[in-house]
Amino acid sequence: MEVIKASNLVKTFGELEAVKGISFSVKEGEVFGFLGPNGAGKTTTINMLCTLLKPTGGEAQVNGFDIVKERTKVRESIGLVFQEPTLDSYMTAEQNLRFHGYAYGIPKETLEPRMKKLLEMVDLWDRRKEKISTYSGGMKRRLEITRGLLHYPKVLFLDEPTLGLDPQTRRRIWDHILSLRKQEKLAIFMTTHYMDEAENCDRIAVIDYGKIIALDTPDKLKDAVGGDVVTLKVEDSEKAMSVLKEQYNMQPEQENDAITFAVPRGEEFLPGFVATFPLKLLSIGVRRPTLEDVFIKLTGHAIREQEASHSEKFKQVMRMRGH
C-alpha cells in the first residue's frame, strides 16, 4: 500500500522554483530518504506533504488524503520532527507529551499507557519528570520523535533528524528510529545530507536543485557508479585527468586535489595500472563505492554541507507553531 504518492509536485517562491515537478511514492512500513544538500528542495517537499506549504503545481496524497483538499485528515495521519527543536524547554517531558496528546484529542486512558510505552522505547521513562532544559541534544531529539509518534501516525516525517549531533549520538538515535519502525509498522520519510544516515533507507531519492535525479535502493545506486572507486593524487592533476581520459578511456572526477574513477574488480586492476601510469603517483587507493560517490557521479559535485540560515529555520518553526 502506498502511504505517500506525489505527482509532478512543484513549489515556487516568486521567480525561484524550489521544487521542479517531482514524482515518487512511499510504501507502508518503508524507510524512504531524500538525500541532497541544503537548498535542494528537501524541506520544501516535506512542508508541502505535511500541509505547511501549498503546492504551486502537481498533486500529492498522504494516507490517501489530498494535501490541499483534506489538510486536517493529512495532519491526523502524520508525525513530524523538524530540523530545529520545538519542545517547550520550561516544561517536563511528560508535560510536553500530554500537551501534544490533548491537542490531538487522545483520551487520557489511552494517552498515559502510550506515553509510558514510547518513553521506555527511547530510554527516557526515568527522565520523564525532568525539564527539557536539562536534556542533551540527543535526548531532545528522541523526545521529539516520541512526540511525533504519540497519536500513532501512518507516516513519520523526519527532517534532518540528527543535524548537529555527534556520530555516536546519531547512531543511537537511528537504533531507536529503526526499532520504532519495526514495532509500530509505520512509514518513515526522512531527509538528510549525511551519507551514513541515508544507508538506513530502503530506498533513496537523490535530489539536487529541486529535481529528483535518481531513485533506488542504496545498493543499486552504488552499483550504478560502475564498479570499485580508485582514488589517486598526483603533482599535475590537470595532466592526469587528460591521461586517464585519453589513454585509459576513463571518466575521472576531480574534487580538490584528489581524482577518482570507477573500474570493475579494482584490486585486480590496480597493479597493472600502477606499473603503466606515466605520471608520478603521490598516493593511490581502491574501495567500494559510497553514496557520496553516487552523488558526485550524478551531479558532478560533492554534497554541499552548509547549514540553513537561522532565519530559514526560525520561519520553519513558526510555521509549525502556527498550525
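This text goes with the structure placed above it.
Analysis parameters
- All residue numbers refer to positions counted from 1 along the written sequence of the respective chain.
- With the structure being a predicted model, the display of local features is reserved for residues of pLDDT at least 70 and the display and counting of side-chain atom pairs for 80 or more, all residues being used for whole-chain, interface and lining totals.
- Just so you know, side-chain values use all the structure's heavy atoms and leave hydrogens and water out.
- Each helix is a run of H or I in the DSSP string that is no shorter than four residues. Each strand is a run of E no shorter than two, and both are numbered from the N terminus.
- Exposure categories follow from relative accessible area, calculated using a 1.4 Å probe and restricted to protein chains: below 20% of the type maximum is buried, above 50% is exposed, and the middle band is partly exposed.
- Note on contacts: a residue pair is in contact if any heavy atoms of the two residues lie within 4.5 Å.
- Per-residue accessibility takes into account occlusion by the displayed protein chains alone, with areas from the Shrake-Rupley method and a 1.4 Å probe.
- Positive charges come from Lys and Arg, negative ones from Asp and Glu, while His and the chain ends are left out of the count.
- By convention, the charge on Lys lies at NZ, on Arg at CZ, on Asp at CG and on Glu at CD.
- Contacts described as polar in this section are N or O atom pairs within 3.5 Å, which, within protein, must combine one atom able to donate a hydrogen with one able to accept it, while residues neighboring in sequence count only if both atoms come from side chains.
- We call Phe, Tyr and Trp rings a pair once their centres come within 6.5 Å, taking the six-membered ring for Trp, and we label the pair stacked below 30 degrees between planes, edge-to-face above 60, and tilted otherwise.
- Charge-over-ring placement is defined geometrically: NZ (Lys) or CZ (Arg) within 6 Å of the ring centre, and within 35 degrees of the ring normal.
- Basic side-chain nitrogens of Lys or Arg form a salt bridge, by our definition, when they fall within 4 Å of a carboxyl oxygen of Asp or Glu.
- Strands are labelled as partners when DSSP assigns at least two bridges between them.
- Between N-to-C directions, angles span 0 to 180 degrees; the directions come from axes that are lines fitted to C-alpha atoms, helices contributing only their stretch in contact.
- Working rule for angles: under 35 degrees goes down as roughly parallel, over 145 as roughly antiparallel, 65 to 115 as roughly perpendicular, anything else as oblique.
- Each helix crossing is assigned a hand: it is left-handed if the near helix lies turned anticlockwise from the far helix by less than a right angle, otherwise right-handed if that turn is clockwise.
- Under the grouping applied here, Gly and all other residues not named as nonpolar or charged are polar, the nonpolar ones being Ala, Val, Leu, Ile, Met, Phe, Trp, Tyr, Cys and Pro and the charged ones Asp, Glu, Lys and Arg.
- Take the residue count of a helix, subtract one, and multiply by 1.5 Å to get its expected span.

> Explain the overall build of the protein chain here, please?
Regarding its fold elements, the protein chain presents 12 helices and 14 strands. Referenced to the eigenvectors of the C-alpha coordinate spread, the extents of the protein chain come out at roughly 75 × 45 × 40 Å. Per-residue burial for the protein chain yields a buried fraction of 51% across its 323 residues. Within the protein chain, counting contacts between residues at least 6 apart in sequence, those at least 24 apart form 71% of the total. Of the roughly 15,600 Å² that the protein chain leaves accessible, carbon and sulfur atoms contribute 49%. Charge-centre separation for the protein chain: the mean point of 47 positive side chains lies 6 Å from the mean point of 47 negative side chains.

> Mind showing me how you'd approach the side chain of threonine 192 here?
Within the element layout of this structure, threonine 192 appears in strand S8 (residues 187-192). Among the polar contacts made by the side chain of threonine 192, one reaches the main-chain amide nitrogen of tyrosine 194 at a distance of 2.9 Å. Of the polar contacts made by the side chain of threonine 192, one reaches the side chain of glutamate 197; its length is 2.7 Å. Non-local contacts of threonine 192, meaning those with residues more than four positions away in its chain, are made with Phe34, Leu35, Gly36, Lys42, Glu160, Glu197 and Ala198.

> Sorry if this is basic, but what is going on with the packing of aromatic side chains here?
To describe a pair of aromatic rings, one takes the distance between the centres and the angle between the planes. This model, assessed by the stated rule, comprises 13 aromatic pairs. Between phenylalanine 32 and phenylalanine 34 the ring centres are 6.1 Å apart and the planes differ by 50°, which places this aromatic pair in the tilted class. Using a relative accessible area of 0% as the deciding quantity, one classes phenylalanine 32 as buried. Ring pairing ties together the aromatic residues Phe24, Phe32, Phe34, Phe157 and Phe189, which thus form one cluster. Positioned over the ring face of phenylalanine 13 is lysine 11, at 5.4 Å from the centre of the ring. Taking NZ or CZ as reference, arginine 170 lies 3.7 Å from the ring centre of tyrosine 194, over its face.

> I keep staring at the pattern of salt bridges and nothing clicks. Help me out?
Oppositely charged side chains may form a pair once their charged atoms are brought near each other. On inspection of all chains with the given rule, the structure shows 20 salt bridges. Glutamate 30 is the partner of arginine 203 in a salt bridge, and the nearest nitrogen-oxygen pair spans 2.5 Å. Of the two residues, arginine 203 is situated in strand S9 (residues 203-208) and glutamate 30 in the loop between strand S2 (16-27) and strand S3 (31-35); the sequence distance between them amounts to 173 residues. With respect to burial, arginine 203 and glutamate 30 carry one shared label: buried.

> How do you make sense of the sheet that holds S8 when you look at a structure like this?
Sheets are built from strands that pair by backbone hydrogen bonding, the pairs being arranged parallel or antiparallel. Here we have six strands laid out as an open sheet, ordered S6-S7-S8-S3-S9-S10, and mixed in their pairing. The open sheet is flanked by strand S6 (78-81) and strand S10 (211-216), the only strands paired with a single partner. When strand polarity is set aside, the average angle formed by the axes of neighbouring strands in this sheet is 15°. Relative to strand S7 (residues 155-159), S6 runs parallel, the two being bridged by four bridges. Within S7, the position partnered with glycine 79 by the bridge is leucine 156. Running over the sheet, helix H11 (residues 291-299) touches S3, S9 and S10 and is turned about 40° from S9.

> When you look at the pairing of S3 in this model, what are you seeing that I'm missing?
Consecutive side chains of a regular strand alternate in pointing toward one face of the sheet and then the other. The element S3 is extensively covered by neighbouring structure, given that five of its five residues are classed as buried. Alternating residues of S3 divide into Val31, Gly33 and Leu35 and Phe32 and Phe34, and every residue in both groups is buried. Relative to S8, S3 runs parallel, the two sharing five bridges. Bridge pairing links leucine 35 to threonine 192 in S8. Pairing analysis gives four bridges linking S3 to S9, with the strands arranged parallel. When the bridges of S9 are listed, phenylalanine 32 appears paired with arginine 203.

> So what exactly am I meant to see when it comes to the packing of helix H3 (residues 93-103) against helix H5 (residues 137-149) here?
Axes are the key here: two packed helices are described by the angle between their axes and the distance separating the axes. Running from amino to carboxyl end, H3 crosses H5 at an angle of 25°, the nearest separation of the two axes being 10 Å. For the element pair H3 / H5, the angle class is roughly parallel. The crossing of H3 and H5 is right-handed. Within the contact between the two elements, H3 uses Ala93, Asn96, Leu97 and His100 and H5 uses Leu143, Thr146 and Arg147. In terms of residue class, the contact of H3 with H5 is built from three nonpolar, three polar and one charged.

> Can you help me understand H5 in this one?
An α-helical turn contains 3.6 residues, so any two residues separated by three or four positions project in the same direction. The end-to-end C-alpha separation of H5 is 19 Å, in line with the 18 Å expected for 13 residues at 1.5 Å each. With 11 of 13 residues buried, H5 lies mostly within the body of the structure. For H5, the set of buried residues is Gly138, Met139, Arg141, Arg142, Leu143, Glu144, Ile145, Thr146, Arg147, Gly148 and Leu149. Packing partners of the buried residues in H5 comprise S6, H3, helix H4 (108-121), S7 and helix H6 (167-184).

These results come straight from atomic positions and should not be treated as a statement about function.
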